[in-house]
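# Chains, contacts and geometry: an overview
Letter by letter, the chains look like this.
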Amino acid sequence: MIGTDINYAIQLLKAEAVVAIPTETVYGLAGNALSPTAVSTIFEVKNRPSFDPLIIHTSRFERIADFTTDVPAPARQLARRFMPGPLTLLLPKSGNIPDIVTAGSPRVAIRIPAHSMTQELLAALEFPLAAPSANPFGYISPTTARHVADQLGDKIPYILDGGPCRVGVESTIVGFEDGQVVVYRKGGVAVEDIEAVVGPVLVRAHSTSNPEAPGMLKSHYAPSAPIVLGDTESLLSQYHGQRAGAITYRKAAPGISPERQLVLSPTGNLAEAARNLFAGMRRLDALQLDVILAELLPEEGLGRAINDRLRRAAAR
Ligand code: TXA
Ligand code: MG
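Conventions and cut-offs
Residues numbered from 1 in each chain as written. Chains lettered and ligands numbered in written order. Predicted model: local features only at pLDDT ≥ 70, side-chain atom pairs only at ≥ 80, totals over all residues. Heavy atoms only, no water. Pairing = 2+ DSSP bridges. Helix = DSSP H or I, 4+ residues; strand = E, 2+ residues; numbered from the N terminus. Axes fitted to C-alpha atoms, helices over the stretch in contact; angles between N-to-C directions. Domains from an automatic or database assignment. Contact = heavy atoms within 4.5 Å. Buried area = accessible area lost by both parts, 1.4 Å probe. Core = buried A, V, L, I, M, F, W, Y, C linked by side-chain atoms within 4.5 Å. Buried < 20%, exposed > 50% of the residue type's maximum accessible area, 1.4 Å probe, protein only. Near = heavy atom within 4 Å. Polar contact = N/O pair within 3.5 Å; in protein donor to acceptor, adjacent residues only side chain to side chain. Areas by Shrake-Rupley, 256 points an atom, 1.4 Å probe, with all protein chains shown as cover. Expected span 1.5 Å × (residues − 1). Bend = angle between axes of the 7 residues up to and from the residue. Parallel < 35°, antiparallel > 145°, perpendicular 65-115°, else oblique. Left-handed = near helix turned anticlockwise from the far one by under 90°. Nonpolar A, V, L, I, M, F, W, Y, C, P; charged D, E, K, R; others polar.

### Here's the deal with the sheet that holds strand β14 (residues 261-263)
- Taking strand neighbours across the sheet as the criterion, the 4 strands line up as β12-β15-β13-β14 in an open arrangement whose pairing is parallel. Where the open sheet ends on each side, the last strands, each with one partner, are β12 (227-229) and β14. The average angle at which neighbouring strand axes cross in this sheet is 20°, direction not considered.
- Where β12 and strand β15 (residues 291-294) come together, 3 bridges link them in parallel fashion.

### A few points about unusual backbone geometry
- A cis amide bond links methionine 83 with the next residue in sequence, proline 84, at an omega value of 0°.
- Position of proline 84 among the secondary structure elements: in the loop between α3 (73-82) and β5 (87-92).
- One non-glycine residue with positive phi stands out, namely glutamate 16, at about 70°.
- Structurally, glutamate 16 is set in the loop between α1 (6-14) and β2 (19-21).
- You will see that asparagine 47, though not glycine, has its phi angle at about 60°, which is positive.
- Checked against the element boundaries, asparagine 47 lands in the loop between α2 (36-46) and β4 (55-57).

### Concerning the domain arrangement of the protein chain
- One can read the domain layout of the protein chain as domain 1 (2-203) and domain 2 (227-314).
- With 23 residues of domain 1 at the contact, the number on the domain 2 side is 16 residues.
- Summing both partners gives a buried area of about 1600 Å² for domain 1 against domain 2, and 54% of it is carried by carbon and sulfur.
- For domain 1, the biggest contributors to the area lost against domain 2 are Ile140, Val169 and Lys186; these three give 35% of the whole.

### Overview of the nonpolar core
- Grouped together as the largest cluster of nonpolar side chains are 44 residues, with contacts concentrated most on Ile56, Leu87, Leu89, Ile156, Val174 and Ile194.
- Sorting the residues of this core by element identifies α2, α3, β5, β6 (107-111), α6 (145-152), β9 (172-177), β10 (180-185) and α7 (191-198) as the ones contributing at least two each.
- Among residues more than four places away in sequence, those in contact with valine 174 are Leu78, Leu87, Thr88, Leu89, Leu90, Val181, Val182, Val183, Tyr184 and Ile194.
- With 27 residues, the next largest nonpolar core counts Ile140, Ala225, Leu264 and Ala313 among its residues.

### What about the site of ligand 1?
- Among the 23 residues in the neighbourhood of ligand 1, the closest are listed as Thr25, Asp52, His57, Arg107 and Ser171.
- In this structure, an oxygen atom belonging to ligand 1 sits 2.7 Å away from a side-chain N or O atom of threonine 25.
- A distance of 2.9 Å separates an oxygen atom of ligand 1 from a polar atom in the side chain of arginine 185.
- Contact with the protein chains hides 94% of the accessible area of ligand 1, taken as 680 Å² for the molecule alone.
- Those elements that provide at least two residues to the shell around ligand 1 are β4 and β6.
- Looking at the shell around ligand 1, the element that brings in the most residues is β6, giving 3 residues.

### Describing helix α9 (residues 270-285)
- Given a rise of 1.5 Å per residue, 16 residues ought to cover 22 Å, and the 22 Å separating the end C-alpha atoms of α9 matches this to within 8%.
- The largest bend in α9 comes to about 40°, at leucine 277.
- Inspection of α9 places Leu270, Ala273, Ala274, Leu277, Phe278, Gly280, Met281, Arg282, Leu284 and Asp285 among the buried residues, and these make up the whole buried set.
- Its buried side turned inward, α9 meets α6, β12, β13 (244-248), β14, β15 and α10 (302-314).
- N-capping of α9 is provided by asparagine 269, with a side-chain oxygen placed 2.9 Å from the backbone N of alanine 271.

### Brief notes about the packing of α3 against α7
- At their nearest, the axes of α3 and α7 sit 10 Å apart, and the two run at 125° to each other. Here α3 is positioned oblique relative to α7, judged by the angle of their axes. Of the two possible hands of crossing, α3 and α7 adopt the one that is right-handed. Within the contact between the two elements, α3 uses Pro74, Gln77, Leu78, Arg81 and Phe82 and α7 uses Asp193, Ile194, Val197 and Val198.
- In terms of residue class, the contact of α3 with α7 is built from 6 nonpolar, 1 polar and 2 charged.

### With respect to the sheet that holds strand β11 (residues 202-203)
- Across the sheet, which stays open at both edges, the 11 strands sit in the order β1-β8-β2-β3-β7-β4-β6-β5-β9-β10-β11 with mixed pairing between neighbours. Because the sheet does not close on itself, it has two edges, and the strands there are β1 (2-3) and β11.
- Across 2 bridges, the pairing between strand β3 (residues 28-32) and strand β7 (residues 129-130) is antiparallel. Within β7, the position partnered with asparagine 32 by the bridge is leucine 129.
- Sheet strands touched by α2: β3 and β7. Its angle to β3, the strand with the most contacts, is close to 155°.
- Packing against the sheet, α3 makes contact with β5, β9 and β10, and its axis sits at approximately 155° to β5.

What follows is the structure, encoded as structure tokens:
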């Protein structure tokens, strides 16, 4: 069921059920992070391998102290600047976070979502919420309540509808290794904006099919039609006679009918492009195309997160 009843969501979460919740990045599949029962339900519903850990969500920075043993100085600076917001901090985990949440890792991922409905929900709960993106494992993340309902509607009791996600790509994940700031996933906070606060960072969010850390899986965000990256116009000649769609930044690809196209931002605005990406990929995926030709965006700002998603969607 889809609805806007925060009290009903609270009731379900207190009873260890899982509920889909809106955030500014993507919708999450939430459960009591301190309840191994609720957390294992999340893994089951998502069909997610147990080695892939979950982010915990809380309403205020002061609450982070309960979940970690140490918040290094750069983490504090980043929190001050970007929390609430599309930033996740990887910090040493305290004893009250169950091992199932972090897949046995000594670090826990913590985020404070900037969404009024979910802020209200979190503030009313005594426990944090563990929440991965509310999609079946490996598929495109949902940016509307309808997206969640389409794939998980019959598996969960409630979807809290907070409207379309304002950011549209997942949070940027940042951790700290011997004083070095490391970005593990490019997301809704641009790497340049992080560097403006803490100086140069190491970006270790490369695509790999053999991840040294979970969350770096090469093939992800994948629609069912194969995605091929490159110049859409020259690619089109290679896919002659096939049902081809296109994802482009500002200008539609010549030679492909408009309903099979996703133009991410005609005005060249990367934030708008990020907001349109996942919903657009779902729309194209529903057309049962033979192939989706996609061009990469400028490798700057949110363009880096968008390109990361396109590359992972193209990998198989
Ligand atoms: O924007 C977001 O971050 C969304 C919303 C719902 O908050 N959540 C999200 O969760 O994208 P998920 O589970 O789809 O992606 C979280 C990533 C995973 O790739 C996971 O491997 C990584 O974060 N992660 C979580 N905890 C970790 C940990 N303790 N160590 C290393 N990686 C971790
Ligand atoms: Mg995900």
